[in-house]
Amino acid sequence: MGSAMLRKPRALAKMVAGIAAESELPVTVKIRLGENDKKINVDTVVSFLERAGAAAVTVHGRTAEQRYKKAADWDRVSNVARSHSVPIIGNGDILTHYEAHARLADSGCTAVMAGRGALIKPWIFKEFKEVSRLVTG
Ligand SMILES: Cc1cc2nc3c(=O)[nH]c(=O)nc-3n(C[C@H](O)[C@H](O)[C@H](O)COP(=O)(O)O)c2cc1C
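Residues numbered from 1 in each chain as written. Predicted model: local features only at pLDDT ≥ 70, side-chain atom pairs only at ≥ 80, totals over all residues. Heavy atoms only, no water.

If you check an unreviewed UniProt entry, the protein chain appears there as tRNA-dihydrouridine(47) synthase [NAD(P)(+)] from Volvox africanus. Per UniProt, the protein chain has the following entry under Sequence similarities (unreviewed entry): "Belongs to the Dus family. Dus3 subfamily." (UniProt positions renumbered as here; feature names shortened; annotations may be inferred.)

Here is the structure:
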């Protein structure tokens, strides 16, 4: 149902604007690149969400139809991150703390989100923090 809303960016934005207006907390939205390879509309959707008052948008670098058949398209995620002012949280295929650091450094995303990586290694976040501490001193 969440992915189905990608077909209706205006309705999605209206819903987000309504929630954001009533919420005391920042409202973030998680989306995919589009419904399928022929209907990639992530840029349009992010523009709508930005105007609707989303505090950040998580972009999973796959279409709804792809499921996990292909690698997440980080070129597209990165392109979105670099061309919108709303903070973008990149998501897809981050299975280790070193991939999280590399994507954060290279993609232009404000943050990254791990899905299955946290199921495989629930301590991935601890490792990420520990390595950050080593890197930043
Ligand atoms: C068991 C499971 C449940 C998920 N449930 C949701 C969900 O309810 N909403 C959502 O937006 N994404 C859901 N996802 C997708 C993940 O949040 C994430 O976008 C996707 O797995 C890609 O990230 P990854 O490659 O780090 O796993 C789910 C994924 C898994 C494996």
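**Q** What exactly am I supposed to notice about the packing of aromatic side chains here?
**A** The full count for this structure, using the stated rule, is 0 aromatic pairs. The ring of Phe 48 carries Arg 51 above its face, with NZ or CZ at 5.2 Å from the centroid. (Phe/Tyr/Trp six-rings, centres within 6.5 Å; stacked < 30°, edge-to-face > 60°. Lys NZ or Arg CZ within 6 Å of the ring centre and 35° of its normal.)

**Q** Can you walk me through the pattern of salt bridges in this structure?
**A** Pairing between side chains becomes possible if they bear opposite charge and their charged atoms approach one another. For the structure on display, the rule yields 8 salt bridges. Taking the shortest distance from any N to any O, the salt bridge between Arg 76 and Asp 73 comes out at 3.4 Å. For Asp 73, a relative accessible area of 26% translates into the label partly exposed. Salt-bridge contacts for Arg 116 lead to Asp 93; the nearest nitrogen and oxygen are separated by 2.9 Å. With Arg 116 in helix H5 (residues 116–120) and Asp 93 in the loop between strand E3 (88–91) and helix H4 (97–106), this residue pair connects regions lying 23 residues apart in the sequence. Overall, Asp 93 belongs to the partly exposed group, its relative accessible area being 25%. (Salt bridge = Lys/Arg side-chain N within 4 Å of Asp/Glu carboxyl O. Buried < 20%, exposed > 50% of the residue type's maximum accessible area, 1.4 Å probe, protein only. Helix = DSSP H or I, 4+ residues; strand = E, 2+ residues; numbered from the N terminus.)

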